[in-house]
Amino acid sequence: MNDPPQCSALDAWPELPLSAWEDTCATLHLWTQVVGKIRLAHAPMINHWWQATLYVTSRGLTTSPIAHGSRGFQIDFDFIDHCLTLRTSDGATEMIRLGPCTVADFYAEVMGRLRGLGLETRIWTMPVEIPDAIPFEQDREHGFYDPEYAHRFWRILVQAHRICSRFRSPFLGKASPVHFFWGSFDLAVTRFSGRSAPPLTSNSPNLGAWVMREAYSHEVSSCGFWPGNGGFGQPAFYSYAYPEPPGFAAAPVRPNDAFYSESLRQFILPYDAVRRAASPDDHLMAFLRSSYDAAAGLARWDRAALERAEN
């Protein structure tokens, strides 16, 4: 019996220059907002809006099960076969092929399929956390879809999910799932000190201040992966603390490729530095651990109570 083929690190961590898929990235961001808002419309409130997120799967992204009365349904992006699938708890299935399609047409198709399944849903159609946004039903500017780059993005999410899950595992305190925020279009995992935080005063487009205050109601150290849209220009891993403790920006965060961005107010590790490292796993884990050490140490978290030794 032949051994299965082995993938190199560069195969597992593919190139993702934003310039090569910026239009696809913008379209996919908006498509995930349509699907995420459907989940939000039905899900009971959970602290920090965790009820609204998407999750990485072995084929793409999912809403996970959504309750609709006594029925349930789920919406899945598949970035291998490039389709969006709607499945219900009583066995019905609808599939939409993913290809070049305006946001307006995608929105109309998804909502029409929901109605056909008896899952009538109303959502606020204004995108959030995107400057100069266009309501979904009016957006015919965004409609590009390159399946190769959508697939690459998902492959990176799989690797980031794996490492972030490992990073999360020894923390005994309150911690978020490793989940995908469709508003900011990033994969994130967050640790909490257990202390409340001062009200956040920053604003995001089409997002009320009360939304962000709920998201940051308690002291956090958060990290994740972001493809670099919105003006940054390159994919990167990030790590930040809220509230940011004194001295955080000058903390000795590893590896040497990492740096503190004054404009973003967080530590950044370029994705390309990870994919080109001799051991991408170790490179990224060093960043996650050292940036958390800086946040928790400088803010004087009760680390003896919150952490256990890693296996």
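Residues numbered from 1 in each chain as written. Predicted model: local features only at pLDDT ≥ 70, side-chain atom pairs only at ≥ 80, totals over all residues. Heavy atoms only, no water.

The protein goes by DUF5996 family protein in an unreviewed UniProt entry, where it is assigned to Acidiphilium iwatense.

Some points on the packing of aromatic side chains
Per the counting criterion, the structure on display carries 27 aromatic pairs. Ring geometry for Phe153 versus Phe225: centroids 6.5 Å apart, planes at 40°, classification tilted. Of this pair, Phe153 sits in helix H4 (residues 147–168) while Phe225 sits in strand E9 (residues 218–226), placing them 72 residues apart in sequence. Of the two residues examined, Phe153 and Phe225, each falls in the buried class. Ring centres of Tyr292 and Trp301 lie 5.8 Å apart, and the angle between their planes is 75°; on these two criteria the pair is classed as edge-to-face. As far as the burial class goes, Tyr292 and Trp301 line up, both buried. (Phe/Tyr/Trp six-rings, centres within 6.5 Å; stacked < 30°, edge-to-face > 60°. Helix = DSSP H or I, 4+ residues; strand = E, 2+ residues; numbered from the N terminus. Buried < 20%, exposed > 50% of the residue type's maximum accessible area, 1.4 Å probe, protein only.)

Some remarks on the pairing of E9
The buried fraction of E9 is high, at eight of nine residues. Of the strand pairs in this sheet, strand E8 (residues 186–196) and E9 are connected by seven bridges, and their pairing is antiparallel. Following the sheet pairing, Arg191 is matched in E9 by Ser221. Relative to strand E10 (residues 236–242), E9 runs antiparallel, the two being bridged by seven bridges. (Pairing = 2+ DSSP bridges.)

Observations concerning the side chain of His82
With respect to the helices and strands, His82 occurs in the loop between strand E4 (71–78) and strand E5 (83–88). Residue His82 is classed as buried on the basis of its relative accessible area of 14%. At 3.4 Å, the side chain of His82 forms a polar contact with the backbone oxygen of Phe79. Excluding anything up to four places from it in sequence, His82 contacts Arg97, Leu98, Tyr145, Pro147 and His151. (Polar contact = N/O pair within 3.5 Å; in protein donor to acceptor, adjacent residues only side chain to side chain. Contact = heavy atoms within 4.5 Å.)

A closer look at the confidence of the model for the protein
On average, the protein scores 96 in pLDDT, and the residues at 70 or more come to 96%. Below a pLDDT of 50 lies the segment residues 1–6, which in the model reaches zero contacts outside its immediate sequence neighbourhood of four places, other chains included. (pLDDT = per-residue confidence, 0-100.)

Re H4
Taking 1.5 Å per residue as the helical rise, H4 with its 22 residues ought to reach 32 Å, and the 31 Å between its terminal C-alpha atoms agrees with that figure. Considered for burial, the residues of H4 that qualify are Tyr149, Ala150, Arg152, Phe153, Trp154, Ile156, Leu157, Gln159, Ala160, Ile163, Cys164 and Phe167. (Expected span 1.5 Å × (residues − 1).)

As for the side chain of Gln51
Counting through the fold element by element, Gln51 comes out in the loop between helix H2 (18–42) and strand E1 (55–56). Polar side-chain contacts of Gln51 include one of 3.2 Å to the backbone nitrogen of Ile46. Look past the residues within four positions of Gln51 in its chain and what remains in contact with it is Arg39, Leu40, Ala43, Pro44, Met45 and Ile46.

Description of the nonpolar core
In terms of nonpolar packing, the biggest core is built from 98 residues, with Phe77, Leu84 and Phe237 touching the most fellow members. The greatest single-element share of this core, amounting to 10 residues, is contributed by H4. Excluding residues that lie within four positions of it along the chain, Phe77 makes contacts with Leu28, Trp31, Thr32, Val35, Arg59, Gly60, Leu61, Cys83, Leu84, Leu98 and Phe106. (Core = buried A, V, L, I, M, F, W, Y, C linked by side-chain atoms within 4.5 Å.)

Focus: the pattern of salt bridges
Under the definition given, this model contains 15 salt bridges. Of the charged contacts, one joins Glu244 and Arg265 as a salt bridge, the two residues approaching to 3.2 Å between their closest N and O atoms. Of this pair, Glu244 sits in the loop between E10 and strand E11 (259–261) while Arg265 sits in the loop between E11 and strand E12 (266–270), placing them 21 residues apart in sequence. The partner of Glu262 in a salt bridge is Arg265, and the shortest N-O contact between them spans 3.5 Å. (Salt bridge = Lys/Arg side-chain N within 4 Å of Asp/Glu carboxyl O.)

Details of the pairing of E8
Extensive coverage of E8 is indicated by the burial of eight of its 11 residues. Strand direction decides the pairing type here: strand E7 (residues 179–181) and E8, joined by three bridges, are antiparallel. Bridged to Phe180 within E8 is Leu187. Here E7 folds back onto E8 in antiparallel fashion, the turn holding four residues, of which Phe185 has a positive phi close to 60°.

As for empty space enclosed by the protein
Evaluation of the coordinates by the stated rule reveals one cavity of 30 Å³ or more. Lining the largest cavity we find Phe167, Val189, Thr190, Arg191, Ser221, Ser222, Cys223, Ser239, Leu288, Ser291 and Tyr292. Looking at the lining of the largest cavity, its residues break down into five nonpolar, five polar and one charged. (1 Å grid on protein atoms, 1.4 Å probe; cavity = no way out; pocket = protein on both sides within 12 Å on 5 of 7 lines; lining within 4 Å. Points joined across faces, edges and corners; volume = space filled by probe spheres on them. Nonpolar A, V, L, I, M, F, W, Y, C, P; charged D, E, K, R; others polar.)

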